[in-house]
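So the chains spell out like this:
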Amino acid sequence: MKIVTISDSLDLSTGLARVHRHIINTLANQGHEIISLCWHSPRDGCFTLRNSGAKVKSYWLKKGDKEELCRVYDIFQLEQPKLIITCGDYWDFWYLQAVIGKMGYYLPWVSILTLDSDPIAEPFRPLFNQMTDIIVPSKWGKDVLIRDIRKDNINYIPFGIEDIFWQKKEKEKNEVFTAISVGTNTDRKNWPSLIEGWGRFVNENKIKAKLIAHTAPQPPNGYDLLQLCDRHNLKVGDDIEFADNNWTPRNSCTDEELYNKYLRSDIFISLSMNEGFCFPAVESIVMGLPILVNSTSALFDLSRFGGLVNSVPLTSLYGCRRRVPDVNDFVSKIKEFYCGWIEDKLNKIANIDKEELNLFSWSNFDKEFLKIVECSFKEIKLPVEDLTI
């Protein structure tokens with residue numbers, strides 16, 4: 001069966017790219033022919049998948065303009081797929097309702113939604129009527145969709161975590177309290193709040209502690225985090241350490257290098273303003289670290305494995321909300337974790353249920369995902385005029 005997938009480029013290290021590669025491998029192993037449409041991909045080409053060895057034809061897409069609509073329609077006409085699988089937020093696929101309606105035959109669409117803000121924007125709500133099935137990796141995302149869309153085809157299936165993060169290694173207690181945060185240096189990840197809060201935590205309490213900030217400190221289009229460290233009296237190397245400026249979604253460290261950084265850490269922190277799943281938080285949980293996260297989107301779900309920082313909503317485009325963390329509350333909460341570290345009680349704070357962790361395995365995702373794919377092929381065909389805009 002010929003299936004088209006649309007998501008991040010297969011050679012990136014973003015969460016979306018990781019999911020994209022995985023679902024393609026899973027589908028190829030079932031004997032399906034895969035055509036991948038990729039954002040941020042430099043050119044059309046052919047990928048050989050490492051796990052399955054399957055060849056995948058790939059087309060590049062320029063994200064978010066009229067050109068994308070026309071190019072997707074042309075590719076669909078050429079390839080004549082039997083199923084579409086997308087992975088991203090819903091507004092990434094604003095054009096698909098029109099494209100599907102013009103194809104002249106029934107074309108089921110399985111949407112893997114990394115929903116990270118609410119409410120669902122009103123202009124996009126009709127788009128959900130076109131989706132045959134919806135998969136969301138967070139309970140929070142499912143609750144938002146049920147509230148705003150009121151459909152019965154919404155499935156909560158968490159993404160899986162790579163095998164290396166499930167390895168158990170005994171670690172000695174650090175000489176200094178060490179936290180880790182992982183993410184690109186972009187507005188959404190909210191590094192300025194974290195650096196301000198960490199500076200206050202260290203300096204106001206006269207505490208020797210270190211933040212492993214796994215991001216580029218001075219990328220061309222991000223914040224100057226070294227300047228922010230100066231402003232908040234943080235010494236680079238002692239109070240905080242960064243990845244180098246070559247760190248990008250295309251040139252990231254290996255899973256093994258990241259695994260070793262988690263091993264050096266006592267707690268994971270994210271003050272991101274919105275997240276669709278947050279792989280680093282779940283990787284940390286699987287490795288037994290407690291987490292301290294902003295009370296927003298998918299992070300709100302994960303806070304049961306640690307603690308939650310209070311936040312206030314910030315309304316953005318189409319009335320959708322991000323949540324900005326309260327830095328005062330963060331300083332107070334991180335001090336509580338520090339006291340737990342002093343008393344060797346961090347494992348109790350983490351509150352990790354091993355059976356619940358099994359939800360974050362790729363085998364669990366694959367089992368539920370393939371059921372949905374199989375059912376989508378068995379859907380009753382609808383008249384073409386019902387699909388045409």
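Predicted model only: the values in this text are computed from it and were never measured. (Residues numbered from 1 in each chain as written. Predicted model: local features only at pLDDT ≥ 70, side-chain atom pairs only at ≥ 80, totals over all residues. Heavy atoms only, no water.)

1. Notes on the overall build of the protein
The secondary structure content of the protein amounts to 13 helices and 16 strands. Taken over the C-alpha trace, the protein has a radius of gyration of 22 Å; the compact-globule value for 389 residues is 21 Å, and the two agree within 12%. For the protein, with 389 residues in total, the buried portion stands at 55%. When contacts within the protein are restricted to residue pairs at least 6 apart in sequence, long-range pairs at least 24 apart make up 68% of them. Computed over 47 positive and 53 negative side-chain charges, the separation of the two mean positions in the protein equals 0 Å. (Helix = DSSP H or I, 4+ residues; strand = E, 2+ residues; numbered from the N terminus. Rg over C-alpha atoms; globule rule 2.2 N^0.38 Å. Buried < 20%, exposed > 50% of the residue type's maximum accessible area, 1.4 Å probe, protein only. Contact = heavy atoms within 4.5 Å. Lys, Arg positive; Asp, Glu negative; His and termini not counted. Charge placed at Lys NZ, Arg CZ, Asp CG, Glu CD.)

2. Looking at unusual backbone geometry
P119 follows D118 through a cis peptide bond whose omega is 0°. Structurally, P119 is set in the loop between β6 (109-113) and β7 (133-136). Positive phi, close to 75°, is recorded for C278, a residue that is not glycine. Within the secondary structure, C278 is located in the loop between β12 (267-270) and α8 (279-286). Among the residues examined, C278 registers a relative accessible area of 7% and is labelled buried.

3. Concerning the sheet that holds β12
Reading across from one edge, β11-β10-β9-β12-β13-β14 is the order of the six strands in this open sheet, with parallel pairing throughout. Edge positions in the sheet fall to β11 (240-242) and β14 (306-309), since each has one partner strand and no second. Here the average twist between neighbouring strands, direction ignored, is 20°. For strand β10 (residues 209-214) and β11, the ladder comprises three bridges, and the chain directions are parallel. Its bridge partner being in β11, I212 is matched across the sheet by E241. Against the sheet, helix α7 (residues 255-263) contacts β9 (177-182) and β10, and its axis sits at roughly 145° relative to β9. (Pairing = 2+ DSSP bridges. Axes fitted to C-alpha atoms, helices over the stretch in contact; angles between N-to-C directions.)

4. Focus on the sheet that holds strand β1 (residues 2-8)
Reading across from one edge, β3-β4-β2-β1-β5-β6-β7-β8 is the order of the eight strands in this open sheet, with mixed pairing throughout. The sheet is open, and its two edges are formed by β3 (45-48) and β8 (154-156), each paired on a single side. On average, adjacent strands in this sheet sit at an angle of 25° to one another, irrespective of strand direction. Here β3 runs beside strand β4 (residues 55-61); their pairing, made up of four bridges, is antiparallel. When the bridges of β4 are listed, F47 appears paired with V56. The sheet contacts of helix α1 (residues 15-29) involve β1, β2 (33-39), β4, β5 (83-88) and β6, and relative to β1 the element is tilted by about 165°.

5. Some words on the packing of aromatic side chains
Taken as a whole and judged by the stated rule, the model has 23 aromatic pairs. Here the aromatic rings of W91 and F124 are separated by 6.2 Å at their centres, their planes lie at 70°, and the arrangement is edge-to-face. You can see W91 sitting in the loop between β5 and α3 (96-101) and its partner F124 sitting in the loop between β6 and β7, a full 33 residues away along the chain. Ring pairs connect the aromatic residues F159, F277, F279, F305, F360, W362, F365 and F369, which therefore count as one cluster. Residue placement shows K82 over the ring face of Y105; its charged tip is 5.5 Å from the ring centre. Sitting above the plane of the W341 ring, K173 keeps its charged end 4.6 Å from the centroid. (Phe/Tyr/Trp six-rings, centres within 6.5 Å; stacked < 30°, edge-to-face > 60°. Lys NZ or Arg CZ within 6 Å of the ring centre and 35° of its normal.)

6. As for helix α5 (residues 191-204)
Along its 14 residues, α5 runs 20 Å from first to last C-alpha, staying within 8% of the 20 Å computed at 1.5 Å per residue. Taken together, the buried positions of α5 are occupied by W191, S193, L194, I195, G197, W198, G199, F201 and V202. (Expected span 1.5 Å × (residues − 1).)

7. A closer look at the environment of A179
The residue A179 is located in strand β9 in this model. Since its relative accessible area comes to 0%, A179 is described here as buried. Apart from the residues lying within four places of it in its own chain, the contact partners of A179 are W198, K210, L211, I212, S265, I267 and I269.

8. Considerations on the pairing of β7
Of the two faces of β7, the one carrying D133 and I135 and the one carrying I134 and V136 are both buried. Alignment of β6 against β7, held across three bridges, turns out to be parallel. In the sheet register, S111 faces β7, and the bridge partner there is I134. Note: β7 against β8, three bridges, orientation parallel. Residue pairing for β8: V136 is matched across the bridge by Y156.

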